[in-house]
Amino acid sequence: MHTHQPVLLTEALASLAVARDGTYVDCTFGRGGHAAAILAALGPQGCLVALDRDPDAVAAARTRFADEARCRIHHAPFSALARILEGEGLMGRVAGILIDLGVSSPQLDDPTRGFSFRESGPLDMRMDPTAGESAAALVARAGERELIEIIRALGEERFAARIARAIVSARAQAPITDTLVLAEIVARAVPTREPGKHPATRTFQALRLHVNRELDELAEVLPQCVSALAPAGRLVVIAFHSLEDRIAKRFLRNAARGPLGPDGVPLPGARPLLALVGKAQRPSVAECDANPRARSAVLRAAERCA
């Protein structure tokens, strides 16, 4: 079992350029690795607003920082950022926002959450088990065409059609409610395997992204971040696969060009909203050796223009 290790911690703090009296937002608290480091860099007047949609993460945050007056914790997806900050009177006043995407180690390592294809557990995959459709419900109701589209688009799985057919065939015999059962169905349907990857990796990724609306959540929160930041405030995004990194990269690039017209060309006289900060950063070899789950991480940062 992996202990939770914050990815690109040093790089994230440097990119945020934490000021002692600033207000910062951690949109994905997880188990608080980044949050604790930000709080350690803040002075008595600093403030950290932490969000997480996972009730377990929120409970961990409230326990860990029960006596920390500078930290305010909210049970919410990060698409609720603007609503939360408006409620706290902080829109346009935030010095830095961190969005650390993906699944946390506690979520992956707890079989009861349904994220892992390596152990038996209920096929759930919801980051907030109290809301929305579980992966089991999705697999039970989706037609073959919808499953193909989900697995192909969100898993970038070339055998999506074979896997979808296998799922539809198997569920006709018995409901698919266990993670290992689904992993075995996928493994039997895939004719070749990627070196070092379980054959169900891409399918599980696709179902998880769909169930949690992860790409939609990211697309919704990025414009909110720009509005939330004070001039010279920093936005830092850590992504773990190409789909979410592509959304972040495109948004930051376009915001650095200025508002665009319907044709995708910057409007005349438009001023950029953001300025890119350095190049994309990746974990060092040493970090990847210490934490293999960091291998695919990419950090991008930008600064709010005046």
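Definitions and cut-offs
- Residues numbered from 1 in each chain as written.
- Predicted model: local features only at pLDDT ≥ 70, side-chain atom pairs only at ≥ 80, totals over all residues.
- Heavy atoms only, no water.
- Helix = DSSP H or I, 4+ residues; strand = E, 2+ residues; numbered from the N terminus.
- Buried < 20%, exposed > 50% of the residue type's maximum accessible area, 1.4 Å probe, protein only.
- Polar contact = N/O pair within 3.5 Å; in protein donor to acceptor, adjacent residues only side chain to side chain.
- Contact = heavy atoms within 4.5 Å.
- Salt bridge = Lys/Arg side-chain N within 4 Å of Asp/Glu carboxyl O.
- Pairing = 2+ DSSP bridges.
- 1 Å grid on protein atoms, 1.4 Å probe; cavity = no way out; pocket = protein on both sides within 12 Å on 5 of 7 lines; lining within 4 Å.
- Points joined across faces, edges and corners; volume = space filled by probe spheres on them.
- Nonpolar A, V, L, I, M, F, W, Y, C, P; charged D, E, K, R; others polar.
- Core = buried A, V, L, I, M, F, W, Y, C linked by side-chain atoms within 4.5 Å.
- Axes fitted to C-alpha atoms, helices over the stretch in contact; angles between N-to-C directions.
- Phe/Tyr/Trp six-rings, centres within 6.5 Å; stacked < 30°, edge-to-face > 60°.

A. Spatial organisation of the side chain of Arg126. Following the sequence through the fold, Arg126 ends up in the loop between α5 (105–109) and α6 (135–141). Residue class for Arg126 comes out buried when judged on its relative accessible area of 15%. For Arg126, the side chain forms a polar contact with the main-chain oxygen of Pro129, separated by 3.1 Å. Apart from residues no more than four positions distant in its own chain, Arg126 is found in contact with Arg113, Phe115, Ala131, Gly132, Glu133, Ser134, Val211 and Asn212.

B. Seen up close, the environment of Ala166. The residue Ala166 is located in helix α8 (residues 160–173) in this model. For the pair Ala166 and Val190, spaced 24 residues apart in the sequence, the C-alpha separation amounts to 9.7 Å. Sequence-distant contacts of Ala166, that is, excluding residues within four places in its chain, are made with Ile185 and Ala189.

C. Expanded view of the pattern of salt bridges. Counted by the stated rule, this structure contains 16 salt bridges. The partner of Glu214 in a salt bridge is Arg208, and the shortest N-O contact between them spans 2.8 Å. Each member of the pair, Glu214 as well as Arg208, carries the same accessibility label: buried. A salt bridge links Arg213 to Asp216; the nearest nitrogen and oxygen atoms lie 3.8 Å apart. The exposure class of Asp216 is partly exposed, given its relative accessible area of 41%.

D. Quick look at the pairing of strand β5 (residues 229–239). Taken across its 11 residues, β5 has 9 buried, putting it largely inside the fold. For strand β4 (residues 94–100) and β5, the ladder comprises 6 bridges, and the chain directions are parallel. The residue bridging Gly96 from the neighbouring strand is Arg234, located in β5. Taken together, the 6 bridges between β5 and strand β7 (residues 298–304) define a ladder with antiparallel strand orientation.

E. Molecular detail of the layout of surface pockets. Its boundaries defined by the atoms lining it, the second largest pocket holds a volume of some 190 Å³. Taken together, 14 residues line the second largest pocket, and the ones lying closest to its centre are Arg53, Asp128, Ala131, Val211 and Asn212. Among the residues forming the lining of the second largest pocket, the class breakdown is 5 nonpolar, 3 polar and 6 charged.

F. Structural view of the nonpolar core. Counting residues in each nonpolar core, the largest one holds 36 residues, and the members touching the most others are Leu123, Ile163, Ile167 and Leu182. For this core, the secondary-structure elements that each account for two or more residues are α6, α7 (144–155), α8, α9 (179–189) and α10 (201–212). With residues up to four places along the chain from it excluded, the contact list for Leu123 reads Ser134, Ala135, Ala136, Val139, Ile176, Thr177, Asp178, Thr179 and Leu182. Listed in part, the 31 residues of the second largest apolar core include Leu81, Val226, Ala228 and Leu229.

G. Focus on the sheet that holds strand β2 (residues 47–52). Taken in spatial order, the 7 strands of this open sheet run β3-β2-β1-β4-β5-β7-β6, and their pairing is mixed. At either end of the open sheet lies a strand with only one pairing partner, and these are β3 (71–75) and β6 (274–276). When the angles between neighbouring strand axes are averaged without regard to direction, this sheet yields 20°. Sheet strands in contact with helix α1 (residues 9–16) are β1 (23–26), β4, β5 and β7, and its direction is about 160° off that of β5. Across the sheet, helix α3 (residues 55–64) lies against β2 and β3, angled at about 160° from β3, the strand it touches most.

H. Representation of the packing of aromatic side chains within the structure. With the rule as written, the count across this model stands at 2 aromatic pairs. Look at Phe29 and Phe65: their rings are 5.9 Å apart centre to centre, the planes differ by 85°, and that puts the pair in the edge-to-face class. Separated by 36 residues along the polypeptide, Phe29 in the loop between β1 and α2 (33–41) and Phe65 in the loop between α3 and β3 bring together distant segments of the chain. Comparing Phe29 with Phe65, the two get one shared label, buried.

I. Representation of unusual backbone geometry within the structure. Positive phi values are uncommon outside glycine, yet Met125 reaches one of about 75°. Position of Met125 among the secondary structure elements: in the loop between α5 and α6. Positioned with a positive phi, Ala232 is a non-glycine residue whose angle comes to about 75°. The topology assignment puts Ala232 in strand β5. A relative accessible area of 45% places Ala232 in the partly exposed class.

Everything listed here is a matter of geometry and, on its own, says nothing about what the molecule does.
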